[in-house]
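In case you want the letters, here they are:
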Amino acid sequence: MKALFQYLNRPKIFVPLLLMAAFLAAALALSNIGLVFDRIGAIPLRLLALTTLFAALYLVFKGLQFYFFLRDIGLQPGWRDLTLAYAVGELTLALPMGIYAQNYVLLRLEGSQPSRSAAATTVMLLLEIAILFLTLAAVGVKGWPWVQPLAIASFFGLAGFVALVTRWNQLRRIIAKTLQHLKLSPRPYLHFVSSLDLLTGGHSLLRHGWLSVLYLAALFAAFDAVAHGVGAPLTMHQSVSIYAFSLSAALLFGSLTTQVGLTEVAGMGAAHALGFDYTQGLAMLLGFRLVWTACIWLICLPVVIALKSQLDQRSRPK
């Protein structure tokens, strides 16, 4: 119990948990929680099965992209190690910095430098955010006229930031010297930026960036299925609008804090702007989180259990 208290008392753990609780409390205060769970419990079995299929497609397309990006920077882990690392990463995705769990699993399994493999993970995240910005620029959120111009500005701001980090050699030297001055090794930073530069150079994005479109399409389709399952009479255009907005907020801020709660609050706001009440909005967003998480765990957890011996063998003292 003391060890658990010490773990939870760490700022990097406590603060995200506190934020998650605050977001969820705000979502619950705005809605009828009893009705929300009634609607979630009434989701038809056929739609749950359809969502599982979309989750499988999502995992396949995203996993292929992760493999291709690793290969482009010269990392070629065995398929068992890669599958295990990727499955662990998907299971921890909603946790603070959980997106990078797969990179540390690869470190233990293959000795792959996290500073290099993290570049592949980061490019995938940046691609997701860029595509979401473009999606919001195209579909917008009815009732919020500021969303489309903000999405366009954010897209070009993101592109400019990536170009600045990867192409401006003077900035790279300044940061490296600053790290040396702080008695920190600049090597991990230089490895990360060099790998990021390679992946964003054009050829790799053109060859494999389209996979982001496919797995995000599977995600949007799954959200639409669950939204209809809780009784929300929305169009596919509205589904994309709501979830693109909520996921943009989650990816921009939730990767450093927590996606849980933030996604729901942002999505409820977008749904309300489109004419749905807060109870319907929370039923859609919370229902999707519960169903989608269950689908991901249903697929990934057996993979982790089956392949965990790979990690155990490398953990044994020689």
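Before reading further, recall that the structure is shown in the block above.
Residues numbered from 1 in each chain as written. Predicted model: local features only at pLDDT ≥ 70, side-chain atom pairs only at ≥ 80, totals over all residues. Heavy atoms only, no water.

## So, a nonpolar patch on the surface
A contiguous nonpolar patch, built from Ile33, Phe37 and Leu290 and spanning about 250 Å² of accessible area, is present on the exposed surface. Looking at the element boundaries, Phe37 is found in helix 3 (residues 33-41). (Patch = residues over 30% accessible without salt bridge, like charges linked within 9 Å, V, L, I, M, F, W, Y side chains within 5 Å. Areas by Shrake-Rupley, 256 points an atom, 1.4 Å probe, with all protein chains shown as cover. Salt bridge = Lys/Arg side-chain N within 4 Å of Asp/Glu carboxyl O. Helix = DSSP H or I, 4+ residues; strand = E, 2+ residues; numbered from the N terminus.)

## Some points on the packing of aromatic side chains
Under the defined criterion, the tally for this structure stands at 12 aromatic pairs. Where Tyr243 meets Phe288, the ring centres are 5.0 Å apart and the plane angle is 80°; that geometry is what we call edge-to-face. Of this pair, Tyr243 sits in helix 13 (residues 236-254) while Phe288 sits in helix 15 (residues 278-315); the two residues are 45 residues apart in sequence, bridging distant segments of the chain. The same class applies to Tyr243 and to Phe288, which are both buried. Grouped by ring-pair contacts, the aromatic residues Tyr58, Tyr215, Phe223, Tyr243, Phe288 and Trp292 constitute a single cluster. (Phe/Tyr/Trp six-rings, centres within 6.5 Å; stacked < 30°, edge-to-face > 60°. Buried < 20%, exposed > 50% of the residue type's maximum accessible area, 1.4 Å probe, protein only.)

## Remarks on helix 4 (residues 45-72)
An ideal rise of 1.5 Å per residue puts 40 Å on 28 residues; helix 4 measures up with 41 Å between its terminal C-alpha atoms. Positive phi appears at Gly74, one or two residues downstream of helix 4, with a value of about 85°. (Expected span 1.5 Å × (residues − 1).)

## Concerning helix 7 (residues 114-139)
Taking 1.5 Å of rise per residue, the 26 residues of helix 7 would be expected to cover 38 Å, and the 37 Å separating its terminal C-alpha atoms lies within 8% of that figure. Counted residue by residue, helix 7 has 22 buried out of 26 residues, so it is predominantly covered. Count one or two residues on from helix 7 and you reach Gly140, which has phi positive near 60°.

## Quick notes on the pattern of salt bridges
Per the stated rule, a full pass over the model turns up four salt bridges. Lys62 serves as the salt-bridge partner of Glu128, at 3.8 Å between the closest nitrogen and oxygen. One end of the pair, Glu128, is in helix 7; the other, Lys62, is in helix 4, with 66 residues separating them in the sequence. One salt bridge in this structure joins Arg289 and Glu264, with 2.5 Å as the shortest N-O distance.

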